2 protein chains.
Amino acid sequence: MIEMAMAPSNQQTNFSFEHPVTVEFRHRLLFTRGAFRPDNAAFADAMRERGMGATSIAVVIDSGVAEAWPNLGESVAAYCRHHAEALELRMAPLILAGGERVKNGQDYEEVLRLINDAKLCRHSALVAIGGGAVLDAAGYAAAIAHRGIRLVRFPTTTVSQDDSGVGVKNGINAFGKKNYLGTFSVPHAVICDEEFLATLSDRDWSAGFSEAVKVALLKDPDFFNQIEAAAPAIAARNMGAAMPIIRRSAELHLNHIATGGDPFEFTTVRPLDFGHWAAHKLEQLSDFEVSHGEAVGIGIALDVAYCAEIGLLDSDSASRIHRCLAALKLPLSHSLLKSERLLEGIEEFREHLGGELTLSMLSTIGSEHVIHEVDHNAMRRAVANVLNLDAAPKGLSR
Amino acid sequence: MIEMAMAPSNQQTNFSFEHPVTVEFRHRLLFTRGAFRPDNAAFADAMRERGMGATSIAVVIDSGVAEAWPNLGESVAAYCRHHAEALELRMAPLILAGGERVKNGQDYEEVLRLINDAKLCRHSALVAIGGGAVLDAAGYAAAIAHRGIRLVRFPTTTVSQDDSGVGVKNGINAFGKKNYLGTFSVPHAVICDEEFLATLSDRDWSAGFSEAVKVALLKDPDFFNQIEAAAPAIAARNMGAAMPIIRRSAELHLNHIATGGDPFEFTTVRPLDFGHWAAHKLEQLSDFEVSHGEAVGIGIALDVAYCAEIGLLDSDSASRIHRCLAALKLPLSHSLLKSERLLEGIEEFREHLGGELTLSMLSTIGSEHVIHEVDHNAMRRAVANVLNLDAAPKGLSR
């Protein structure tokens with residue numbers, strides 16, 4: 001405690017006390033297969049470690065997951081019965097409609113009601129099984145109930161397993177703005193079960209690899225080489241090729257959060273948001289018909305073209321990145337990029353972060369370069385370039 | 001990053017990544033007088049230190065404060081004009097009805113609307129001027145908008161200056177439960193202006209000293225002696241006697257948060273909640289007619305009587321504490337203590353904290369003693385004892 005008697009003001013001495021308040025959280029990320037098979041102890045172990053007897057839980061399941069896995073609710077219940085010393089399931093699972101729309105309405109209030117009805121306390125846990133949107137809405141409810149109960153995420157999509165489900169954010173949309181309400185909250189555990197990925201549509205499958213490409217471009221050139229080499233096998237849905245990429249992407253994202261020095265993003269530098277200004281705007285302009293992962297792929301393709309256009313990145317590297325995205329069967333552009341409103345996304349991105357405009361760009365593959373200004377004409381040329389890329393037959397663009 | 005390849009499960013190796021996520025916040029607490037006089041630089045200095053130009057702000061004022069200080073809105077605006085290099089006031093202040101009711105409804109949504117209309121970002125600040133309830137509701141809105149914008153609190157009551165306004169919590173009521181929704185959030189700054197205390201009713205004035213007595217009993221026997229000696233002058237509203245007590249109470253509360261090792265209350269030990277199980281229940285049973293500060297005074301009187309009843313605390317110390325509370329013009333009991341529902345408050349308190357029942361009690365003045373069980377019959381006798389204390393003429397009970 002630093003106590004200071006400061007300079008007098010109006011014959012009144014000011015008294016000032018300053019103190020750092022340090023909070024240490026623990027983040028657990030686990031990749032497994034068949035997480036709810038009774039003989040897989042991973043989930044029970046993650047809850048048991050507290051040494052305080054069984055943890056009370058309630059469960060939220062994404063409707064898309066519930067459809068693909070109709071016995072999931074019963075599997076979870078059977079798992080809890082089998083591991084009764086670690087887990088006590090308090091209520092039947094709540095099914096929440098998947099997709100971005102779950103973040104627009106009052107669905108998170110249903111999760112709050114579940115938490116209240118199940119009498120969960122700050123030592124209980126909400127278990128959320130689903131894609132990024134359901135994890136965001138359920139995670140928000142868990143973060144504000146009782147000033148934060150424990151959250152266990154089971155991300156079920158490529159994009160939530162390799163990025164969003166790993167992070168320390170939650171949120172819902174309000175005032176027509178994405179993630180206007182939310183908190184920074186460290187989950188108790190994130191358990192990625194690769195079996196959930198098998199039932200994704202091809203489109204949802206591919207979408208998640210854009211975030212792996214992004215983090216590779218910013219942090220790890222060798223990892224980009226690895227994705228490039230694995231891209232055809234990933235596109236063919238080879239799990240053996242895909243899982244190391246998903247795991248490494250998740251690890252790099254978590255590593256950035258834990259060791260990057262700013263887990264709760266107090267500064268305006270957001271290196272992990274490369275390609276995201278256009279992605280957020282495109283999601284919004286398409287009324288979320290374009291998924292987050294796809295939009296990020298397009299945002300990366302666009303910002304890479306912009307970097308080449310302003311001479312920051314050499315054009316061979318730009319082409320390599322575009323080819324890698326295409327080989328992953330990610331779209332490189334969208335007709336809505338032609339909208340005059342696209343560039344509004346730059347100011348909206350600045351406003352959400354606050355302070356000066358700060359965008360991560362690339363100078364080489366693996367090297368981030370921060371800019372504070374965007375040349376709108378160069379960006380319009382970059383839009384034209386990526387629209388051409390998608391129009392060209394894939395073979396030729398190599 | 002600890003990476004482990006774990007024991008195989010279903011021929012599947014689990015991959016596990018664990019990492020501590022450490023977040024460092026900075027808490028600033030300042031006592032001053034005439035905070036909005038143009039020549040008092042304290043507020044502007046607290047905002048300027050970022051070295052990023054003027055901070056955009058919006059202001060929420062407690063209706064009780066706005067009535068007592070009809071020119072306050074204009075003073076704040078003039079202050080911002082005078083310190084334009086540090087502060088940019090974006091909108092006219094929002095007046096929120098004071099008192100616990102502000103935490104029951106949708107008032108926090110009005111604050112969210114203000115934050116959105118004022119286009120505040122994560123580097124802007126919401127300035128909340130008022131008693132604990134308004135600070136709680138406005139602080140909650142600030143904590144969830146944009147995943148947390150800066151909050152500057154100006155607590156205007158004794159109880160908010162010496163305890164609640166200093167802390168790292170916010171909250172609103174939901175499902176009929178106090179503080180069901182909220183977060184742990186460290187304020188950017190807390191500025192206590194003693195001039196606001198001059199217009200409090202005698203009842204509100206006295207109410208806040210219960211929290212000073214509480215923290216003294218738990219942490220600092222010398223401070224208890226000091227309160228005991230100052231009590232008659234405090235009751236006579238002598239500011240020179242009162243301010244050192246309020247400042248020391250605030251300092252002890254902040255010190256506990258910053259150095260107690262558990263600022264966000266992950267464990268079930270809550271030493272600062274001495275006397276609070278009965279206080280929360282009494283507030284609820286009286287439909288908040290009994291204020292938080294008064295209820296805490298009664299809760300302390302009751303738990304002190306209980307400690308004496310079970311032989312934990314000697315009866316001379318118990319009497320001293322009761323006399324000190326009475327000298328501060330705090331009530332020692334309330335007819336609602338006779339309600340059969342009072343003891344439900346013990347289980348409700350446990351549920352809110354979670355895990356095993358954990359209550360702080362006293363073994364001597366200045367020494368906390370944790371218990372995990374309450375003898376209901378002894379507690380009923382303690383209720384009878386404090387009801388008798390209040391019935392007795394004050395002079396005689398010495």
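Please read all numbers here as calculations on a predicted model, not as lab measurements. (Residues numbered from 1 in each chain as written. Chains lettered and ligands numbered in written order. Predicted model: local features only at pLDDT ≥ 70, side-chain atom pairs only at ≥ 80, totals over all residues.)

**Q** Help me understand the overall build of chain A in this model?
**A** Per the secondary structure count, chain A includes 16 helices and 12 strands. Computed over the C-alpha atoms, the radius of gyration of chain A is 22 Å, within 12% of the 21 Å expected from 2.2 N^0.38 for a compact globule of 398 residues. Taking all 398 residues of chain A together, 54% fall into the buried category. Within chain A, counting contacts between residues at least 6 apart in sequence, those at least 24 apart form 75% of the total. (Helix = DSSP H or I, 4+ residues; strand = E, 2+ residues; numbered from the N terminus. Rg over C-alpha atoms; globule rule 2.2 N^0.38 Å. Buried ≥ 20, exposed ≤ 12 C-beta atoms within 10 Å, placed from the backbone. Contact = placed C-beta atoms within 7 Å.)

**Q** Sorry if this is basic, but what is going on with the relation of the copies chain B and chain A here?
**A** Turning chain B through 180° and shifting it by 0.0 Å along the axis lays it on chain A, with an RMSD of 0.0 Å. What the rotation and shift describe, once combined, is the action of a two-fold rotation axis. Among all residues of chain B, the minimum C-alpha distance to the rotation axis is found for V23 of chain B, at 2.7 Å. (Least-squares fit on C-alpha atoms with pLDDT ≥ 70 in both.)

**Q** Please explain the environment of E24 of chain A as it appears in this structure.
**A** All names here are of chain A. Looking at where E24 falls in the secondary structure, it is placed in strand β2 (residues 15–32). For E24, a count of 15 C-beta atoms within 10 Å puts it in the partly exposed group. Expressed as a C-alpha distance, the spacing of E24 and G130, which sit 106 residues apart in the sequence, is 27 Å.

**Q** Would you mind showing me how to read helix α13 (residues 315–327) of chain B here?
**A** The periodicity of an α-helix, 3.6 residues per turn, causes residues three or four places apart in sequence to face the same way. Spanning 13 residues, α13 of chain B covers 18 Å between terminal C-alpha atoms, matching the ideal 18 Å at 1.5 Å per step. K329 of chain B sits one or two positions beyond α13 of chain B and adopts a positive phi of about 65°. (Expected span 1.5 Å × (residues − 1).)

**Q** Please explain the pairing of strand β3 (residues 55–62) of chain B as it appears in this structure.
**A** Looking along a regular strand, one sees the side chains alternate between the two faces of the sheet. Residues and elements named next belong to chain B. The buried fraction of β3 is high, at eight of eight residues. Side chains of β3 alternate between two faces, with T55, I57, V59 and I61 and S56, A58, V60 and D62 buried alike. The pairing of β3 with strand β4 (residues 87–89) spans three bridges and is parallel. Residue pairing across strands places T55 opposite L87, the latter belonging to β4. In the sheet, β3 pairs with strand β5 (residues 94–96) via three bridges, with the strands oriented parallel. The partner of I61 across the bridge, within β5, is I95. (Pairing = 2+ DSSP bridges.)

**Q** Whenever I open this one, the domain arrangement of chain A confuses me. Can you help?
**A** Often, the extent of an interface is quoted as the loss of accessible area on bringing the components together. Residue and element names in this part refer to chain A. Split into domains, chain A comes out as domain 1 (29–200) and domain 2 (207–397). Averaged C-alpha coordinates put domain 1 and domain 2 at centres separated by 28 Å. The interface is formed by 17 residues belonging to domain 1 together with 21 residues belonging to domain 2. Secondary structure elements with two or more residues in the side of domain 1 that touches domain 2: β2 and α6 (158–162). Ranked by residues supplied to the side of domain 1 that touches domain 2, first place goes to α6 with four residues. Tallied by class, residues from the side of domain 1 that touches domain 2 come to seven nonpolar, five polar and five charged. (Domains from an automatic or database assignment. Nonpolar A, V, L, I, M, F, W, Y, C, P; charged D, E, K, R; others polar.)

**Q** What should I look at first to understand the interface of chain B and chain A in this one?
**A** Contact with chain B, which involves 65 residues of that partner, is made by 65 residues of chain A. When residues of the side of chain B that touches chain A are traced back to their parent elements, those giving at least two are β2 (15–32), α5 (132–144), β9 (177–181), α10 (239–259) and α14 (344–353) of chain B. The biggest single contributor to the side of chain B that touches chain A is β2 of chain B, with 18 residues. Sheet analysis places β2 of chain A next to β2 of chain B, joined by 17 bridges and oriented antiparallel. Within the sheet, the bridge partner assigned to F25 of chain A lies in β2 of chain B and is V21 of chain B.

**Q** Sorry if this is basic, but what is going on with the packing of helix α8 (residues 209–219) of chain B against helix α9 (residues 221–235) of chain B here?
**A** Helix-helix packing: each pair is described by the crossing angle between the helix axes and the interaxial distance. All names here are of chain B. One way to put it is that α8 packs onto α9 with a least axis distance of 9 Å and a crossing angle of 160°. Between α8 and α9, the crossing angle belongs to the class labelled roughly antiparallel. Crossing of α8 over α9 shows left-handed handedness. Here F209, A212, V213, A216 and L217 of α8 come into contact with α9, specifically with F223, F224, I227 and I234. Taken together, the residues of the contact of α8 with α9 break down into nine nonpolar, no polar and no charged. (Axes fitted to C-alpha atoms, helices over the stretch in contact; angles between N-to-C directions. Parallel < 35°, antiparallel > 145°, perpendicular 65-115°, else oblique. Left-handed = near helix turned anticlockwise from the far one by under 90°.)

**Q** Quick question: what am I supposed to make of the nonpolar core here?
**A** Residues V60 and L126 of chain A together with L126 of chain B are the most contacted members of the largest nonpolar core, which totals 264 residues. Residues within four places of V60 of chain A in sequence aside, it is in contact with P93, L94, L96, V111, L114, L126, A128, I129, V134 and A138 of chain A. (Core = buried A, V, L, I, M, F, W, Y, C linked by C-beta atoms within 7 Å.)

**Q** Looking at this structure, I do not really get the packing of α8 of chain B against helix α12 (residues 292–309) of chain B. What am I missing?
**A** All names here are of chain B. Between α8 and α12, whose axes approach to 7 Å, the crossing angle comes to 40°. By the angle between their directions, the pair α8 and α12 is classed as oblique. Helix-helix and strand crossings are classified by hand; for α8 and α12 the assignment is left-handed. Residues S210, E211, V213 and K214 of α8 lie in contact with α12, whose contacting residues are G293, V296, G297 and I300. Of the residues contributing to the contact of α8 with α12, the split by class is three nonpolar, three polar and two charged.

**Q** For this particular structure, what's the right way to read unusual backbone geometry?
**A** Trans peptide bonds make up the majority, and among non-glycine residues the majority have a negative phi. Phi at K329 of chain A is positive, roughly 65°, even though this residue is not glycine. One can find K329 of chain A in the loop between α13 (315–327) and α14 (344–353). Within the chain, R147 of chain B stands out as a residue other than glycine whose phi angle is a positive 60°. Inspection of the secondary structure puts R147 of chain B in the loop between α5 and β7 (150–155). Take R147 of chain B: there are 23 C-beta atoms within 10 Å of it, and that puts it in the buried class.

**Q** Would you explain α14 of chain B in this entry?
**A** Residues and elements named next belong to chain B. Every buried residue of α14 is accounted for by G345, F349 and L353. Down the axis, α14 shows its buried residues gathered within 70° of arc, on one side only. The inward-facing, buried residues of α14 abut α11 (276–285). Positive phi appears at G354, one or two residues downstream of α14, with a value of about 85°. (Arc of directions from axis to C-beta.)

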